[in-house]
Amino acid sequence: ALASATVAEQQVDSRSVGVFADGVLHLTPALDLTVGARYTRDRKRASLARSDLVRPASGFSVDGLSHSWSEVTPRAVLAWRPRASLMTYLSATRGFTSGGFNADAASAVAFRAPFDPETVDNYEAGVKSQWLDNKVRINASLFRMKYRDKQELVNNILTGILSIFNAGKATVDGSEIELAWKPAPWLDLSASLAYLDGRYDHFAVGSINNSGNPMSNSPRRQAGVAADLRYPVSFGYLVGAASYAWKDSYNTGAANDPNLQLPGFGLASLSAGVESPDGSWRVLAWVKNA
């Protein structure tokens, strides 16, 4: 038998205001300190009318909810440039995502209770460099991200409705390296590799405890290679591109449910064609995300 048949009319209006300041202090000819801060204030207004055609008593209507959130997000970057084509840096930054309302809530009480803002502190060290007369570029970084009140979707097993809750604390450690090489004026080659180790340090909501679980939607390893060419010929250019990107297996939920585990996969794209001498038109055949 049909348990419910619901119709929901939802509306959420957002307004965001921000001011920021940023400046650079030249400590030495090769050493710069950049400091800045941003103040953000977000306001959201929400309404929800939910009707159950099978169980009319479970319907409700809430209008005119309003809440505001604000945050100061600073950043500081220390950059050392011993030569024009080499820079190393240390940075500390904070990010902010405002709170909100669960417009898919199954009850008026759940809808009236907003979820909290999310903040993240990112600490990063890295290098950006160019070599061999700028034909080779190598960038690398190490970082740690510390989340507070991270916003995560949690499935209510009683209602079957996904709602946003706040994970108390989460940590992501990661590294990235990018390599680009221009072996000829008409050819560009690139490769990248990234590693992530994300986990919920504390995430307990009612009877649900996801503390210690891997962070959702965070493949541990990612890699990619690509090639782009624009070869001159008598009638214009031969153009083409090829790329391959691979992602490690990852889970799409915070509960680490085996049913939500995606296997590792790779995507390949390829294009080839011709371009006019002045670049005003081109004709391509392509395959994307094979």
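Up top is the structure.
Per chain, residue numbering runs from 1 following the sequence as it is written. Since the coordinates come from a predicted model, pLDDT governs what is reported: local features require at least 70, and pairs of side-chain atoms require 80 or more to be given and counted, while whole-chain, interface and lining totals use all residues. No hydrogens and no water enter the side-chain calculation; it runs on all heavy atoms of the structure.

**Topic: a nonpolar patch on the surface**
The line we're drawing: Patch rule: a residue counts if its relative accessible area is over 30% and it has no salt bridge; like charges are joined within 9 Å, and nonpolar side chains (Val, Leu, Ile, Met, Phe, Trp, Tyr) within 5 Å. Per-residue and other accessible areas follow the Shrake-Rupley method at a 1.4 Å probe size, with only the shown protein chains counted as cover for residues. By convention in these notes, a salt bridge is any Lys or Arg side-chain nitrogen within 4 Å of a carboxyl oxygen on Asp or Glu. The secondary structure listing takes helices from DSSP runs of H or I that are at least 4 residues long and strands from runs of E that are at least 2 residues long, numbered from the N terminus. Partly exposed describes any residue whose relative accessible area lies between the buried limit of under 20% and the exposed limit of over 50%, with all areas from a 1.4 Å probe on protein chains only and scaled to the type maximum.
On the surface, Trp 131, Leu 132, Ile 138, Ile 177, Leu 179 and Leu 193 cluster together into a nonpolar patch covering about 550 Å² of accessible area. With respect to the helices and strands, Ile 177 occurs in strand β7 (residues 161–184). On the basis of relative accessibility, which here comes to 41%, the residue Ile 177 falls in the partly exposed class.

**Regarding the nonpolar core**
Note the cut-off: We define the nonpolar core as a collection of buried residues of types Ala, Val, Leu, Ile, Met, Phe, Trp, Tyr and Cys that are connected through side-chain atoms lying within 4.5 Å of one another. In this analysis, two residues are considered to be in contact whenever any of their non-hydrogen atoms come within 4.5 Å of each other.
Within the largest apolar cluster, 12 residues are counted, these being Val 120, Phe 143, Tyr 147, Val 154, Ala 167, Ala 170, Val 172, Tyr 200, Phe 203, Val 205, Met 215 and Ala 254. Put simply, the parts of the chain that give this core at least two residues each are β6 (136–156) and β7. Residues in contact with Phe 203, not counting those within four places in the same chain, are Glu 152, Val 154, Asn 166, Ala 167, Gly 168, Ile 208, Asn 209, Asn 210, Ser 211 and Ala 254. One finds Ala 46, Leu 48, Ala 105 and Ala 108 within the second-largest nonpolar core, a separate group that totals 11 residues.

**Re the pattern of salt bridges**
A complete count under the given rule lists 16 salt bridges for this structure. Salt-bridge contacts for Arg 199 lead to Asp 201; the nearest nitrogen and oxygen are separated by 3.9 Å. On the basis of relative accessibility, which here comes to 27%, the residue Arg 199 falls in the partly exposed class. In this structure Asp 201 comes out as partly exposed when scored by relative accessible area, which is 35%. Overlapping salt bridges, with partners in common, bring together Arg 144, Lys 146, Asp 173, Asp 197, Arg 199, Asp 201 and Arg 220 in one network.

**Here we look at the side chain of Asp 173**
The condition that has to hold: Any pair of N or O atoms that falls within 3.5 Å is considered a polar contact. Within protein, one atom must be able to donate a hydrogen and the other to accept it, and sequence-neighbouring residues count only if both atoms are side-chain atoms.
Within the element layout of this structure, Asp 173 appears in strand β7. A polar contact is formed between the side chain of Asp 173 and the side chain of Arg 144, at a distance of 2.6 Å. Filtering out sequence-adjacent residues up to four positions away, Asp 173 remains in contact with Phe 143, Arg 144, Tyr 195, Leu 196, Asp 197 and Arg 199.

**Quick look at the side chain of Ser 271**
Relative to the helices and strands, Ser 271 is located in strand β15 (residues 265–275). Classification of Ser 271 by relative accessible area gives buried; the value is 18%. In this view, Ser 271 contacts Val 239, Gly 240, Ala 241, Ala 285 and Trp 286; residues no more than four positions away in its chain are not counted.

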